Amino acid sequence: SVSTLEPLSNEETDQMLLHRFRRAGSADPFAFCPGETMTTIHQFSGGVPRDILVVTEAAMKEAFLQDSRMILPQHVQKAVSDLACRRPRHAKAA
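Chemist: Any details on the packing of aromatic side chains? Residues and values, ideally.
Modeler: What the rule picks out here adds up to 1 aromatic pair. Considering the side-chain rings of F21 and F32, the 4.9 Å spacing of their centres and the 65° angle between planes classify their relative orientation as edge-to-face. Of this pair, F21 sits in helix α1 (residues 10-23) while F32 sits in the loop between α1 and α2 (35-45), and the two are 11 residues apart along the sequence.

Here it is as structure tokens:
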């Protein structure tokens, strides 16, 4: 059986990320991932839960590489750009 989730709203995306950050031990998730960043994650992921997690993880790595204590929208944008470069390109039909 296959299940399909509908894309999450911006608010649902925020709640999902806040839950995951708290479960990981963060006392104050907004201290390192402000609301503006979560909105940017939602925009780039389209609210698709798996994509939210992929984009968030890549943005966290980007923030780490830039020695930042916060995940900022520019980290999300750079991460998404890097992820797009890794996407396999399909051959054009003849």
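Chemist: Any chance you could break down α2 for me, citing the residues and the numbers?
Modeler: Restricting attention to buried positions, one finds in α2 the residues T37, M38, T40, I41, H42 and S45. Here the buried face of α2 lies against α1, α3 (49-65) and α4 (73-86). Count one or two residues on from α2 and you reach G46, which has phi positive near 70°.

Chemist: Outline the packing of α1 against α3, supporting the account with residue identities and numerical values.
Modeler: For any two helices packed against each other, the geometry is given by the interaxial angle and the distance between the axes. Look at α1 against α3: their axes get within 11 Å of each other, and the N-to-C directions meet at 55°. On the basis of their axis angle, the class for α1 and α3 is oblique. Crossing angle aside, the handedness with which α1 passes α3 is right-handed. Across the interface between the two elements, T13, M16, L17, R20 and F21 of α1 pack against P49, I52, L53, T56 and M60 of α3. Looking at the contact of α1 with α3, its residues break down into 7 nonpolar, 2 polar and 1 charged.

Chemist: Please provide a residue-by-residue account of the packing of α1 against α2, values included.
Modeler: Two numbers describe how α1 lies on α2: the axes approach to 9 Å, and their chain directions differ by 115°. When the axes of α1 and α2 are compared, the pair comes out roughly perpendicular. Helix-helix and strand crossings are classified by hand; for α1 and α2 the assignment is right-handed. From α1, N10, T13, D14, L17 and L18 reach across to α2, where they touch M38, T39, I41 and H42. Partitioned by chemical class, the residues of the contact of α1 with α2 number 4 nonpolar, 4 polar and 1 charged.

Chemist: Could you give an account of unusual backbone geometry, naming the residues involved and the relevant values?
Modeler: Most of the time, phi is negative for any residue but glycine, and the peptide bond is trans. The phi dihedral of D67 is positive, around 55°, even though this residue is not glycine. Position of D67 relative to the elements: it lies in the loop between α3 and α4.

Chemist: Tell me about the side chain of T56, and please be specific about residues and values.
Modeler: Relative to the helices and strands, T56 resides in helix α3. Overall, T56 belongs to the buried group, its relative accessible area being 4%. Of the polar contacts made by the side chain of T56, one reaches the backbone oxygen of I52; its length is 2.7 Å. In this structure T56 touches L17, F21 and I41, once residues within four positions along its chain are discounted.

Analysis parameters
Residues numbered from 1 in each chain as written. Predicted model: local features only at pLDDT ≥ 70, side-chain atom pairs only at ≥ 80, totals over all residues. Heavy atoms only, no water. Phe/Tyr/Trp six-rings, centres within 6.5 Å; stacked < 30°, edge-to-face > 60°. Helix = DSSP H or I, 4+ residues; strand = E, 2+ residues; numbered from the N terminus. Buried < 20%, exposed > 50% of the residue type's maximum accessible area, 1.4 Å probe, protein only. Contact = heavy atoms within 4.5 Å. Axes fitted to C-alpha atoms, helices over the stretch in contact; angles between N-to-C directions. Parallel < 35°, antiparallel > 145°, perpendicular 65-115°, else oblique. Left-handed = near helix turned anticlockwise from the far one by under 90°. Nonpolar A, V, L, I, M, F, W, Y, C, P; charged D, E, K, R; others polar. Polar contact = N/O pair within 3.5 Å; in protein donor to acceptor, adjacent residues only side chain to side chain.

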